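Chain by chain, the residues:
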Amino acid sequence: MLVGRDDLLAEIGSGLVTGPRDIRYTSLFMGVRGSGKTVAVTELEDRAASDGWVILSLDASSKGILERIQDELGALPERYPELDLGKLGGEMTVERTKGVDIGGFKGGVAETVSLSRGRAMGLRWQLTYLAEQAQRRDTSVLLTVDELHAIDREEGRRLSNDLQHITRRRSELPLAFLGAGLSEMKYTLLQDKKMTFFRRCEQYDMPPLTEADVAKGLLHPIQDFGGEITDDALRLAVENIGTLPYKLQLVGHTAWTIADAPERVIDARAVNKAVELAQKSFDEKVSEPAFYDLSDSERRFLKGLADLGWAGKVADIAVRSGQNVETARGIGRRLTISGYLQNDSGIVRLTELVPKRIITQELGESLEGADESQPISVTPMPSDPSPSSKGTDRCRKWMPRKQAYCILVAGHSGRCRSQ
């Protein structure tokens, strides 16, 4: 079941129903890993589909999203035969002749290329045509893009320009958009002035779960499927889950399995073991990747925070990390926006996204119980840039396929590079 998302889903749903002139008709979900962005988007897709909307569901985690959108568009005539989308499918033949000169003999070679009619007309035309056909049948189109923070910069600009053109020039067309990505988009993608469409989308941060949400998200599914959980076990689970839906899902599922529910009651022993196993999975799938996304300067900032006993003012962190105060303020602001830190009345602390043990593990055991009066020696990370790059802040975004960090300068444009 979904918990803690009723208000958010009702807000976006109201905007979709109102129509193209509502500011919520084009919206972005932003939050840390495990905050439920994808689930929220999927839920809205399902609700729209049940109302007869045309759904185009994509993700931007790898390059080629423009081609994938066109592939999806080409498949729509079969999925929605009632909308008369024939121009998006079918084949057309394009013939080209290439000149050749071999040993003084000149001639030509005909090359035949098959393209879908829609693809030949371009993505902007395809989306406009689809929205027009939907409008004629009194329905709407919902385009969703998950992992938007990872979109290729040039592809993102092209998609933004096409959507901006359609929604600005043809503001009555029923083409809605929902994007979802990490909160870091606020200082990366949304700072790109060539992505006007994304910049003007209504922005929503994924709200943290309350203890009441967590208790409800555990208790109701357990009872609905004939299970039972003791009061002590429920209290223990709520105390250890925190505010992220993904951890709620992990602990609930694991406790159910360990206890052999519904045949047996879920007790404190089962929950204790579930919390331990779920935390390991959460570290591997959420916390460690989030740490690998940090740049050198951001890791130095966290080193300074550790040196202060994991809580302190930005000015003091700057001193400990060897950074000037303005640089440290900018880093602290980015890390807070991205969900790594929380700022309570000027005092900076870690959130549950990347806990102390991960930072200790990755930056070196010397961080554990560090002497506040002594600077911390940081163990170099694998795949560090070459010695010639020292003194320059590097991007260092982790690239799983390359199994290496990006060596380009922090804030670079375009794709990351390992060499």
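As a starting point, this report considers the structure included with it.

How each quantity is defined
Residues numbered from 1 in each chain as written. Predicted model: local features only at pLDDT ≥ 70, side-chain atom pairs only at ≥ 80, totals over all residues. Heavy atoms only, no water. Axes fitted to C-alpha atoms, helices over the stretch in contact; angles between N-to-C directions. Helix = DSSP H or I, 4+ residues; strand = E, 2+ residues; numbered from the N terminus. Parallel < 35°, antiparallel > 145°, perpendicular 65-115°, else oblique. Contact = heavy atoms within 4.5 Å. Nonpolar A, V, L, I, M, F, W, Y, C, P; charged D, E, K, R; others polar. Pairing = 2+ DSSP bridges. Salt bridge = Lys/Arg side-chain N within 4 Å of Asp/Glu carboxyl O. Buried < 20%, exposed > 50% of the residue type's maximum accessible area, 1.4 Å probe, protein only. Expected span 1.5 Å × (residues − 1). Arc of directions from axis to C-beta.

### Considerations on the packing of helix α3 (residues 65–79) against helix α6 (residues 153–169)
Thought 1: It is at 9 Å that the axes of α3 and α6 come closest, and there the two elements cross at 45 degrees. Taken together, the axes of α3 and α6 are oblique relative to one another. Residue-level inspection shows I65, L66, E67 and I69 of α3 in contact with α6, the latter providing E155, R158 and L159.
Thought 2: Here the contact of α3 with α6 is composed, by residue class, of 4 nonpolar, no polar and 3 charged.

### Quick look at the sheet that holds strand β10 (residues 347–350)
Thought 1: Spatial strand order, β8-β10-β9: 3 strands in an open sheet with antiparallel pairing. Since the sheet does not close on itself, it has two edges, and those belong to β8 (311–312) and β9 (341–344), each with one partner.
Thought 2: Inspection of the sheet shows β9 paired to β10 by 4 bridges, in the antiparallel sense. Paired with N343 across the bridge in β10 is V348.

### Digging into the pattern of salt bridges
Thought 1: Summed over all chains, the structure comprises 18 salt bridges.
Thought 2: A salt bridge links D162 to R124; the shortest N-O distance between them is 3.0 Å. With D162 in helix α6 and R124 in helix α5 (residues 123–136), the pair connects residues that are 38 residues apart, well separated along the chain.
Thought 3: The class for D162 is buried, based on a relative accessible area of 13%.
Thought 4: Assessed through its relative accessible area of 32%, R124 is described here as partly exposed.
Thought 5: One salt bridge connects D192 with R153, and the closest N-O pair in it is separated by 3.4 Å. A residue pair is termed long-range when its members are at least 10 positions apart, and D192 in the loop between β6 (175–182) and α7 (196–200) and R153 in helix α6 qualify at 39 residues.
Thought 6: Judged by relative accessible area, R153 falls into the partly exposed class, the value being 23%.
Thought 7: In the salt-bridge network here, residues are joined through shared partners; they are R153, E154, R157 and D192.

### Section: helix α1 (residues 6–18)
Thought 1: If you check α1, its first and last C-alpha atoms are 18 Å apart, about what 13 residues at 1.5 Å a residue would give, namely 18 Å.
Thought 2: Residues of α1 that are buried include every one of L8, L9, I12, G15 and L16, and no others. Viewed end-on, α1 has its buried residues packed into an arc of 130 degrees, placing them on one side of the element. Along α1, the residues that are exposed and aim more than 90 degrees away from the buried face are D7, V17 and T18.
Thought 3: Check the buried side of α1 and you find it contacts β1 (26–31), α2 (37–50), β6 and β7 (202–205).

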